[in-house]
Amino acid sequence: QVQLVESGGGTVQPGGSLKLSCAASEYTFSTYILAWFRQAPGKEREFVARDSRPPGITKYSDSVKGRFTISRDNNKNTGFLEMNRLKPEDTGVYYCGVASSWAGGVAYWGKGTLVTVSS
């Protein structure tokens with residue numbers, strides 16, 4: 001079982017930046033697809049970004065495309081979500097997850113980190 005721990009959330013003004021981290025407990029992290037989701041207050045969890053195994057493909061929701069970047073450091077069993085030009089509507093709890101295959105869905109989730117974009 002893979003344990004995931006997110007960090008890096010906080011409060012930022014509109015237009016600002018944050019970089020989230022997702023630390024995995026297993027060296028097998030490199031074999032999984034990394035994904036980020038978010039859940040705004042009163043809304044359902046939604047897809048934000050994912051990468052691929054083998055590497056080379058990244059996917060983003062239309063709402064974050066061009067502003068967010070997903071990446072990973074397999075040597076450190078850590079994934080990242082760099083968020084730029086943040087907007088108030090980006091506010092929510094951000095979750096990382098890993099999947100063996102995208103069709104199979106996310107197998108393991110972290111507990112989330114809160115991002116608040118407010119002036």
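This one's a predicted model, so the numbers in the text were calculated from it and none came from an experiment.

## Topic: the environment of Leu 86
1) Next: One can find Leu 86 in the loop between strand S8 (78-83) and strand S9 (92-99).
2) Next: Taking C-alpha positions, Leu 86 is 23 Å from Ala 23, a pair spaced 63 residues apart along the chain.
3) Next: Those residues in contact with Leu 86 that lie beyond four places of it in its chain are Val 12, Pro 14, Gly 15, Gly 16, Ser 17, Leu 18, Arg 67, Phe 68 and Val 117.

## Description of the side chain of Arg 72
1) Next: For Arg 72, the position within the fold is in strand S7 (residues 68-73).
2) Next: Classification of Arg 72 by relative accessible area gives buried; the value is 18%.
3) Next: Within the structure, the side chain of Arg 72 is placed 2.6 Å from the backbone oxygen of Tyr 32, a separation counted as a polar contact.
4) Next: Within the structure, Arg 72 has its side chain in polar contact with the side chain of Asn 74 (distance 3.1 Å).

## A short note on the pattern of salt bridges
1) Next: Within the structure shown, the criterion is met by six salt bridges.
2) Next: The partner of Asp 90 in a salt bridge is Arg 38, with the nearest N and O atoms 2.9 Å apart. Of this pair, Asp 90 sits in the loop between S8 and S9 while Arg 38 sits in strand S4 (residues 33-39); the two residues are 52 residues apart in sequence, bridging distant segments of the chain. Exposure class is identical for Asp 90 and Arg 38. Each is buried.
3) Next: Three or more residues joined by partner-sharing salt bridges are found here, namely Arg 38, Glu 46, Arg 67 and Asp 90.

## Looking at the state of the cysteines
1) Next: The final tally for this structure, using the stated rule, is one disulfide.
2) Next: Two residues share a disulfide in this structure: Cys 22 and Cys 96, whose sulfurs sit 2.1 Å from each other. Taking the torsion about the sulfur-sulfur bond, which here is approximately 70 degrees, the covalent link between Cys 22 and Cys 96 counts as right-handed. Here Cys 96 lies in strand S9 and Cys 22 lies in strand S3 (residues 18-24), a separation of 74 residues in the sequence.

## So, the nonpolar core
1) Next: In this structure, Trp 36, Val 48, Phe 68, Leu 81, Met 83 and Tyr 94 are the most contacted members of the largest nonpolar core, which totals 25 residues.
2) Next: Taken together, the elements giving at least two residues each to this core come down to S3, S4, strand S5 (46-50), S7, S8, S9 and strand S11 (113-117).
3) Next: Filtering out sequence-adjacent residues up to four positions away, Leu 81 remains in contact with Leu 18, Lys 19, Leu 20, Trp 36, Val 48, Ala 49, Phe 68, Thr 69, Ile 70 and Tyr 94.

## Observations regarding the pairing of strand S1 (residues 4-7)
1) Next: Of the two faces of S1, only one is covered, namely that formed by Leu 4 and Glu 6; the face formed by Val 5 and Ser 7 stays uncovered.
2) Next: Here S1 runs beside S3; their pairing, made up of four bridges, is antiparallel. Residue pairing in the sheet places Leu 4 in a bridge with Ala 24 of S3.

Cut-offs applied
Residues numbered from 1 in each chain as written. Predicted model: local features only at pLDDT ≥ 70, side-chain atom pairs only at ≥ 80, totals over all residues. Heavy atoms only, no water. Helix = DSSP H or I, 4+ residues; strand = E, 2+ residues; numbered from the N terminus. Contact = heavy atoms within 4.5 Å. Buried < 20%, exposed > 50% of the residue type's maximum accessible area, 1.4 Å probe, protein only. Polar contact = N/O pair within 3.5 Å; in protein donor to acceptor, adjacent residues only side chain to side chain. Salt bridge = Lys/Arg side-chain N within 4 Å of Asp/Glu carboxyl O. Disulfide = S-S within 2.5 Å. Core = buried A, V, L, I, M, F, W, Y, C linked by side-chain atoms within 4.5 Å. Pairing = 2+ DSSP bridges.

From the geometry alone we can't say anything about function, so treat these as descriptive.
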